[in-house]
Amino acid sequence: PSPRPLLGRRVLITAGPTHEPIDPVRYIANRSSGKQGYAIAAAAAAAGAEVVLISGPVDLRAPDGVTLTRVESARDMLDAVEAALPADIAIFAAAVADWRVASEGGQKIKKGEGGPPPLQLTENPDILATVAKLGDDRPPLVIGFAAETENLLANARSKLARKGCDWIVANDVSAAGGVMGGDRNTVHLLTKSADTVDVESWPLMTKDDVATALVARIARELEVHQS
Ligand code: C5P
């Protein structure tokens with residue numbers, strides 16, 4: 001196989017958490033180090049792709065050869081993703097906050113005698129589902145992630161159907177595995193073709209190796225569809 005199998009392809013990747021402001025000093029967020037998404041960006045760039053990485057706040061530097069856009073909230077992330085389309089492949093590794101505070105305060109909320117303030121939450125846009133359901137601008141290969149603490153494969157299968165994506169990378173993030181913030185990951189790749197879903201279970205690997213294997217799997221898919 002070619003050492004640069006993604007040459008000439010444009011790959012869009014989301015990574016990291018989003019921060020949803022409560023007031024100017026507080027936010028709601030998901031737990032995410034961004035390591036897996038950044039590793040995929042690095043592997044795709046090494047495979048010759050033009051990579052756009054759209055990242056929530058994380059403590060990582062941009063991999064070589066990757067164009068990095070930093071965002072805070074889910075709505076900013078969606079805007080940045082839409083601005084980065086079209087793409088040949090889109091990989092949604094970000095841990096997007098499901099909710100944001102309905103009316104963000106312009107001033108710091110004071111601790112008072114009235115007790116803790118009630119927070120009215122509203123749903124964030126689903127970036128993966130939005131892109132997977134686009135018409136002309138839909139990338140030909142749309143890949144989501146499913147981080148679950150139980151019923152991993154069943155949840156991943158229903159996510160594949162519900163979100164309208166082509167593949168799901170499912171990983172078990174229950175505490176025992178140490179995936180969150182760690183350097184290793186055990187994943188299952190669910191791929192949809194026509195009406196069937198195939199499941200490949202990969203062994204425990206470093207996040208860098210998961211990234212390399214995913215990029216190799218993408219390259220193989222593109223090759224099959226070309227010949
Ligand atoms: O529904 P759930 O959050 O478990 O789905 C996970 C997948 O959906 C991930 O690929 C994640 O990046 C994506 N997602 C998204 N926008 C959201 C929520 C999830 O892109 N608001």
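Being a predicted model, the structure only gives us computed values, none of them experimental.

Glancing now at the site of the ligand. Taken together, Phe92, Ala94, Val96, Pro125, Asp126, Ile127, Leu128, Gly144, Phe145, Lys159 and Lys163 make up all the residues around the ligand. In the model, a nitrogen atom of the ligand is placed 2.9 Å from a nitrogen or oxygen of the isoleucine 127 main chain. One nitrogen or oxygen atom from the main chain of phenylalanine 145 is found 2.8 Å from an oxygen atom belonging to the ligand. Taken by itself the ligand offers 450 Å² of open surface, and the protein chains cover 86% of this.

The subject of this paragraph is helix α2 (residues 74-84). Those residues of α2 lying buried are Ala74, Met77, Leu78, Ala80, Val81 and Ala84. Viewed end-on, α2 has its buried residues packed into an arc of 165 degrees, placing them on one side of the element. On its buried face, α2 sits against β1 (10-15), β2 (19-23), β4 (50-55), β5 (66-70), β6 (89-92) and α3 (127-132).

With that settled, consider the UniProt feature "binding site: CTP" (unreviewed entry) in the protein. As annotated by UniProt and renumbered to match this structure, "binding site: CTP" (unreviewed entry) occupies Asp98, Lys108, Pro125, Asp126, Ile127, Leu128, Phe145, Lys159 and Lys163. The largest pairwise C-alpha distance within this set of annotated residues, which runs over 66 residues, is 37.3 Å, so the set is dispersed in three dimensions. Mapped onto the elements, lysine 159 comes out in helix α4 (residues 152-163). At 2.7 Å, the side chain of lysine 159 and the side chain of glutamate 148 are in polar contact. With respect to the element layout, lysine 163 can be found in helix α4. Its relative accessible area of 15% is what places lysine 163 among the buried residues. In terms of polar contacts, lysine 163 uses its side chain to reach the side chain of aspartate 126, at 2.6 Å.

Rules of the game
- Along each chain, residue indices are assigned from 1 in the same order as the chain's sequence is written.
- Where local features are concerned, this predicted model is filtered to residues with pLDDT of at least 70; where side-chain atom pairs are given and counted, the filter is 80 or more; whole-chain, interface and lining totals use all residues.
- Just so you know, side-chain values use all the structure's heavy atoms and leave hydrogens and water out.
- Consider each residue's heavy atoms; a residue with any of them within 4 Å of a molecule or strand counts as near.
- The term polar contact refers here to a pair of N or O atoms within 3.5 Å; inside protein, the definition further demands a hydrogen-donor-capable atom paired with an acceptor-capable atom, and it admits residues adjacent in sequence only when both atoms are side-chain atoms.
- Method for areas: the Shrake-Rupley scheme with a 1.4 Å probe, in which residue coverage is limited to the protein chains shown.
- Buried, partly exposed and exposed residues are distinguished by accessible area as a fraction of the type maximum, computed with a 1.4 Å probe on protein chains only: under 20%, between the cut-offs, and over 50%, respectively.
- Each helix corresponds to a stretch of at least 4 residues labelled H or I by DSSP, and each strand to a stretch of at least 2 residues labelled E; elements are numbered beginning at the N terminus.
- Starting at the helix axis, one direction is taken to each C-beta atom, and the arc is that of these directions.
- Whether two residues are in contact is decided by their heavy atoms: any pair within 4.5 Å suffices.
- UniProt positions are given in the numbering used here, feature names are shortened, and annotations may be inferred rather than shown by experiment.

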